[in-house]
Amino acid sequence: MLHTGTFEASGRARHPENCPALVLNADYTPLSYYPLSLWPWQTAIKAVFLDKVDIVSNYDRHVHSPSLDMKIPSVIALRQYVKPSEYPAFTRFNLFLRDKFECQYCGSGDNLTFDHIVPRRLGGITSWENVTTACLHCNLKKGGRTPKQAHMQLNMAAIRPTSWQLQDRGRAFPPNHLHETWHDWLYWDIELEG
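Note that the structure is predicted; figures quoted are calculated from it, not measured.

(A) Quick peek at helix 4 (residues 163–170). Looking at helix 4, one finds that the buried residues are S163, L166 and G170. When helix 4 is viewed along its axis, its buried side chains cluster within an angular range of 65 degrees and face the same direction. For helix 4, the elements touching its buried residues are helix 2 (92–98).

Structure representation (structure tokens):
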């Protein structure tokens, strides 16, 4: 069983659960941007010993057993390329991500729900092309009508996004914590050197 050591870089004890590994595909791009592809430290170390990943970078944090002392991996890359699916699952979260977490009628980010563009009572189906993000106010205002009938305009057409489009959209919403060893592998809006 692995035991935790001390965390020298911060001068304080740090629990290994606070040391997830950023998982890169074999082409060194993140498996996912949103949610960010992270593995717990135990899974990352297990994958190292099973020769399924290469360690790209480490934390200053160590784990050890009677026969092993090892730094916890902070960035790992899969040895075999995992082909991403072309289209993402149709979920509420992915719908909100496609629509930038904004009501597609007024632009608000508060009290978000989803709205059938062509209402179900008029034969509208639940699909990428017929569902959009709406705030509660706009959803109630539109009611069981089409946007045209309600004199409301969509800010963006409802489309079935590709996985690449959603990943690209996810880059605009970085997680709250990014370890410094992850920055080279994530393409957030950072200033480029001139």
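On we go from here.
(B) Structural detail: the environment of P40. With respect to the element layout, P40 can be found in the loop between strand 3 (38–39) and helix 1 (41–49). P40 sits in the partly exposed class, given a relative accessible area of 44%. Sequence separation between P40 and P16 is 24 residues, and the spatial gap between their C-alpha atoms is 8.6 Å.

(C) Fine view of the nonpolar core. L22, V53, I72, I76 and W182 are the most contacted members of the largest nonpolar core, which totals 21 residues. Among the elements that line this core, the one with the most residues is strand 5 (residues 68–78), at six residues. Beyond its immediate stretch of four places on either side in the chain, V53 contacts W39, A44, A47, V48, I76, A77, L78 and R79.

(D) View of the pairing of strand 2 (residues 21–24). Here strand 2 shows no split at all, with A21 and V23 on one side and L22 and L24 on the other all buried. Direction of pairing for strand 2 relative to strand 3: antiparallel, over a ladder of two bridges. Each residue of the ladder has a partner; that of L22, found in strand 3, is L38. Pairing of strand 2 with strand 5 involves three bridges; the strand directions are parallel. Residue pairing across strands places V23 opposite I76, the latter belonging to strand 5.

(E) Highlighting the side chain of D115. Mapped onto the elements of the fold, D115 is located in strand 6 (residues 112–116). Residue D115 is classed as buried on the basis of its relative accessible area, which comes to 4%. Within polar-contact distance, the side chain of D115 engages the side chain of K142 at 3.2 Å. Leave out the neighbours within four places in its chain, and D115 touches Y105, N130, V131, T132, A134, N139 and K142.

Cut-off values and rules
Residues numbered from 1 in each chain as written. Predicted model: local features only at pLDDT ≥ 70, side-chain atom pairs only at ≥ 80, totals over all residues. Heavy atoms only, no water. Buried < 20%, exposed > 50% of the residue type's maximum accessible area, 1.4 Å probe, protein only. Helix = DSSP H or I, 4+ residues; strand = E, 2+ residues; numbered from the N terminus. Arc of directions from axis to C-beta. Contact = heavy atoms within 4.5 Å. Core = buried A, V, L, I, M, F, W, Y, C linked by side-chain atoms within 4.5 Å. Pairing = 2+ DSSP bridges. Polar contact = N/O pair within 3.5 Å; in protein donor to acceptor, adjacent residues only side chain to side chain.

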